[in-house]
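Architecture and fold: a report
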Amino acid sequence: MLTYSGCHHPPPVRDAPALEVSGLSTTYEGSRVSALENVNLKVRPGERIALVGANGAGKSSLLKVVANLLPRTRGTVRIFGHPCGTCHHRVSFLPQRSELDWRFPVDVERLVLAGRYVHMGWLRPPSETDRKLVQEKIALLQLDHLRGRQIGQLSGGQQQRAILARTLVQEAELLLLDEPLNAVDARTRKIITDVLDHLKDQGKTVVMATHDIGRLDSDFDQAVFMQDGKQVPPPPDQTPAKHTS
Amino acid sequence: MSWLWDPFLDYPFMRMAFLAVFFVGVTCATLGVYVVLRRMAFIGDALAHTVLPGIVIAYFYGWNLFWGALVAGLITALGIGWLSRRQELREDTAIGVLFTGMFALGILMISTVRSFRDFQGILFGNVLGITPANLILLAIVAVLVLGTILLLFKEMELVSYDPNFAEVIGLNTETLRYVLMILLAFTVVSGIQAVGVVLTSALLITPAAAASLLTDRLPVMMLISSLFAILGGIIGLYTSYYFPVSSGAAIVLACTVIFGFAYTFRTLRRKQPNQ
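Quick caveat: nothing in here was measured; it's all calculated off a predicted structure.

1. Topic: the confidence of the model for chain B
Should pLDDT be low for a region, the predicted coordinates there are not to be read in detail. Residues and elements named next belong to chain B. When pLDDT is averaged along chain B, the result is 89, and 96% of the positions lie at 70 or above. For chain B, helix α7 (residues 120-124) is the element with the lowest average pLDDT, namely 79, and helix α9 (residues 153-161) is the one with the highest, namely 97. Model confidence for the complex: the whole-complex pTM is 0.90, and ipTM, which rates the interface, is 0.91.

Shown next as structure tokens:
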């Protein structure tokens, strides 16, 4: 297979954390203000981590550095023991909805299929297995009746479910989810919450940015609180044992 | 009905011109869909104008003008990519500076030549005077551009609507952008053969814009865009055969009329209930 990164997909390093972030700092190009400052995080395989904070706290920046979208100015990021950017197939990223061009002429099925591209690489068309997985995830997110619809003709909640289906169809071990429950209708919230619960049963590692602190204890193994690009202690009303700062 | 066949049966240059508009139409219209969807219309127009100095230099040295245009086009494509990557200037500003400067240089060089007529074909197109050697070059460009679009279809598509996700799975979006710019340079040089420097961007944009009004499937859009460009080319050829008008302008105007029909059709379809 001709991989997009040009190197073979390495196996995970034995007993390595799913994600290990040490002394991480970053700055957006053209800005003097640090988007992240000395962030440290260790996530074991199968754990679910919430990144909690207000807008601009650094949650999305942290996810983007791990996804290799934003360069580091200091520190290290290792995914299953490998430097980030060397195991693309093991990391799946759910962006915020505003980051896609929804007017582009692709339908839901084609959008979801893009989640399999990392396994296909250059020049290879989708296999039967790829197509079967796409249908499975479309059904899981209850988008069957919309599979042929152009993505711009979906509601906000349906769009969110479509890009989540793309994230899931990659079958990655580490999922980076940037506010999947933000500004969605009640039905979509229920569907997505059920799907996220199911991920735990499958042993997937999840790092999720969220504003919602109501269900931290029930839905996550760890919560990382952030403010102005730094990790901060949890608020007094949160259970300290489960939180890292 | 003999008026339909006579031009092609009687004159070999009309058959050559038909083949030329076919190759140029398909190439420009297919890549044009990406140009329209990625909002690169200004780059397409700029590339068409910046090849002028290359053409004039080729003319001075007696080379094939096609190669002069291609070299200038490739240099500009890579130059625009490099300038916008450095982010010291906004991309449209960088293009504006390069585009007008190169075009002015081309005009300045032309003004040193006694006969402006030698460059009329390049500025305004001369598809009726296409040579067999240039027709072969147009066919090669068509195969190269369409082959690359086909081979990189899924990657080009993804990078166009979600470049961040493309980066996450390891695709180098910057490299793909350069590939697109290089294909654009080849396509523009091909378009110049048919409609000239001044009107080439119309062949890139108008058929694709018309197709984008009628479908929301990318491959279908490319197909409709190509059909519109070929249709516009044929109508333009007939018009310039039966009336004493410029073939390049006639082709572009025919494409504009097709766009008008597509726009009207879409507007009427939207007004219908249950649509």
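There's plenty left to go through after this.
2. Topic: the sheet that holds strand β4 (residues 74-79) of chain A
Residues and elements named next belong to chain A. Spatially, β2-β1-β4-β5 is the arrangement adopted by the 4 strands of the open sheet, whose pairing is antiparallel. The open sheet terminates on both sides in strands that have one partner only, identified here as β2 (34-43) and β5 (82-83). Looking at chain direction, strand β1 (residues 19-27) and β4 are connected through 5 bridges and run antiparallel. The residue of β4 that forms the bridge with Leu19 is Ile79. Across the sheet, helix α1 (residues 59-66) touches β1, β2 and β4, and the angle it forms with β2 is around 65 degrees.

3. Brief notes about the interface of chain B and chain A
In this complex, chain B contributes 26 residues to the contact, which on the side of chain A involves 33 residues. Buried surface at the junction of chain B and chain A, both sides included, amounts to about 2,700 Å², of which 58% is carbon and sulfur. Per-residue buried area on chain B facing chain A is highest for Lys154(B), Tyr161(B) and Val168(B); these three make up 28% of the total on that side. The shortest N-O distance in the salt bridge between Glu157(B) and Arg110(A) comes to 2.8 Å.

4. A short note on the environment of Leu214(B)
Residue and element names in this part refer to chain B. Here Leu214 lies in the loop between α11 (173-212) and α12 (218-242). Sequence separation of Leu214 and Glu174 is 40 residues, and the distance between their C-alpha atoms is 31 Å. Not counting residues within four places of it along the chain, the set of residues in contact with Leu214 comprises Ile224, Phe228, Ala262, Phe265 and Arg269.

Definitions and cut-offs
Residues numbered from 1 in each chain as written. Chains lettered and ligands numbered in written order. Predicted model: local features only at pLDDT ≥ 70, side-chain atom pairs only at ≥ 80, totals over all residues. Heavy atoms only, no water. pLDDT = per-residue confidence, 0-100. Helix = DSSP H or I, 4+ residues; strand = E, 2+ residues; numbered from the N terminus. Pairing = 2+ DSSP bridges. Contact = heavy atoms within 4.5 Å. Axes fitted to C-alpha atoms, helices over the stretch in contact; angles between N-to-C directions. Buried area = accessible area lost by both parts, 1.4 Å probe. Salt bridge = Lys/Arg side-chain N within 4 Å of Asp/Glu carboxyl O.

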